[in-house]
Structure formats: C-alpha cells, structure tokens
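The lines below spell out each chain.
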Amino acid sequence: MQAAVRWLVAVAGSLVAFGAVAVPWAVSSEGGDDPWDVIGPVAGVIAAGVLAALGWWASQAGGSGTRRVRQSARGRGGVRQTGGSVGSGAPAGAVGEDVRQKARSDGGGDIDQVGGNRS
C-alpha cells in the first residue's frame with residue numbers, strides 16, 4: 001500500500017513539474033512559430049528527471065518493514081523446512097523477519113527446521 005501511494009506521488013510530482021515549467025513559459029511567450037515545439041520537449045525532459053528521482057524514492061518503500069514467513073508441513077518420515085532470508089538472496093533493506101514454522105511427522109522420523117535471517 002505504501003509503495004503504491006509513493007508511486008502516485010511520483011507521477012503527480014512529475015505532472016506538476018511539467019506544468020510548472022510549461023504553463024508560465026507558454027503564458028509569457030508571444031506566440032511566434034509554434035512555441036510548444038520548444039516548450040513541450042523541454043518541460044518533458046524536466047518532468048522525466050523529476051519522475052526518475054521520485055521513482056527512485058518510491059522504489060525504496062518495500063524494504064523497510066518486517067517480512068513475514070509462515071510455513072506448515074505434515075508428512076510421513078522426514079520433514080524439512082527452511083524459512084526466511086538466506087544469504088545473497090535476502091531482500092535488500094529488510095529490517096526484520098517474523099518466521100513461524102509448524103511441522104508434524106506422522107510416521108516418526110526427523111524434523112529439521114531453520115528460520116530467520118541467515119546471511
């Protein structure tokens with residue numbers, strides 16, 4: 001949810017930047033030979049730069065919270081569960097994890113559970 005709101009702010013900011021450059025320029029120009037041939041591309045480049053900057057900001061929203069992992073297993077013989085972040089595959093910027101694992105082996109045997117950050 002937070003990431004979607006950030007992306008909406010990024011797009012809105014880009015549109016505002018386009019308008020902030022284009023509208024005053026168009027109002028103050030004398031007309032001439034199609035001023036929008038110049039105003040449009042210049043304002044578009046500025047809006048693209050604003051979108052790039054705000055887009056980077058919007059993309060940073062995902063890694064700041066707690067990652068939740070839930071696992072449940074039941075089987076005959078050995079049950080092995082591994083949950084959470086493992087080494088280089090860990091999500092960038094994850095603050096913490098909430099790992100809950102539940103396993104039941106009906107036929108005896110081994111249960112091997114591993115959970116949490118293992119970088």
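Residues numbered from 1 in each chain as written. Predicted model: local features only at pLDDT ≥ 70, side-chain atom pairs only at ≥ 80, totals over all residues. Heavy atoms only, no water.

### Topic: the overall build of the protein
From N to C terminus, the protein includes two helices and four strands. Across the protein, helices and strands are ordered from the amino to the carboxyl terminus as α-α-β-β-β-β. Sorting the 119 residues of the protein into buried and exposed places 18% on the buried side. For the protein, restricting intrachain contacts to residue pairs at least 6 apart in sequence, the fraction spanning at least 24 positions comes to 69%. (Helix = DSSP H or I, 4+ residues; strand = E, 2+ residues; numbered from the N terminus. Buried < 20%, exposed > 50% of the residue type's maximum accessible area, 1.4 Å probe, protein only. Contact = heavy atoms within 4.5 Å.)

### Quick word on a nonpolar patch on the surface
Taken together, the side chains of Val-5, Val-9, Trp-56 and Trp-57 present a nonpolar region at the surface, about 400 Å² in accessible area. With respect to the helices, strands and loops of the structure, Val-5 is situated in helix 1 (residues 2-28). What makes Val-5 partly exposed here is its relative accessible area of 43%. (Patch = residues over 30% accessible without salt bridge, like charges linked within 9 Å, V, L, I, M, F, W, Y side chains within 5 Å. Areas by Shrake-Rupley, 256 points an atom, 1.4 Å probe, with all protein chains shown as cover. Salt bridge = Lys/Arg side-chain N within 4 Å of Asp/Glu carboxyl O.)

### Some thoughts on the side chain of Ser-14
With respect to the helices and strands, Ser-14 occurs in helix 1. When neighbours within four sequence positions are excluded, Ser-14 is seen to be in contact with Ala-47, Val-50 and Leu-51.

### A few points about the environment of Phe-18
If you trace the backbone, Phe-18 turns up in helix 1. Put simply, Phe-18 and Val-45 are 27 residues apart on the chain and 8.6 Å apart in space, counted from C-alpha to C-alpha.

### What to know about helix 2 (residues 36-59)
Between its terminal C-alpha atoms helix 2 stretches 32 Å, which fits the 34 Å expected from 24 residues at 1.5 Å a residue. Looking at the buried positions of helix 2, the neighbouring elements they touch are helix 1. (Expected span 1.5 Å × (residues − 1).)

### Concerning helix 1
Between its first and last C-alpha, helix 1 extends 39 Å over 27 residues, near the 39 Å set by a 1.5 Å rise per residue. Within helix 1 the residues assigned to the buried category are Arg-6, Ala-10, Ser-14, Ala-17 and Ala-22. Along its buried surface, helix 1 packs onto helix 2.

### Brief notes about the side chain of Arg-6
Of note, Arg-6 is situated in helix 1. Relative accessible area serves as the criterion here: at 18%, Arg-6 is assigned to the buried category. Polar side-chain contacts of Arg-6 include one of 2.9 Å to the backbone oxygen of Trp-57. (Polar contact = N/O pair within 3.5 Å; in protein donor to acceptor, adjacent residues only side chain to side chain.)

### Considerations on the environment of Arg-104
Counting through the fold element by element, Arg-104 comes out in strand 3 (residues 96-105). Residue classification places Arg-104 among the partly exposed positions, given a relative accessible area of 48%. Expressed as a C-alpha distance, the spacing of Arg-104 and Arg-74, which sit 30 residues apart in the sequence, is 4.7 Å.

### Brief notes about the packing of helix 1 against helix 2
Two numbers describe how helix 1 lies on helix 2: the axes approach to 8 Å, and their chain directions differ by 155°. In terms of orientation, helix 1 and helix 2 fall into the roughly antiparallel class. Viewed along their axes, helix 1 and helix 2 form a crossing whose handedness is right-handed. Among the residues making up the contact of helix 1 with helix 2, the classes are represented as 22 nonpolar, six polar and one charged. (Axes fitted to C-alpha atoms, helices over the stretch in contact; angles between N-to-C directions. Parallel < 35°, antiparallel > 145°, perpendicular 65-115°, else oblique. Left-handed = near helix turned anticlockwise from the far one by under 90°. Nonpolar A, V, L, I, M, F, W, Y, C, P; charged D, E, K, R; others polar.)

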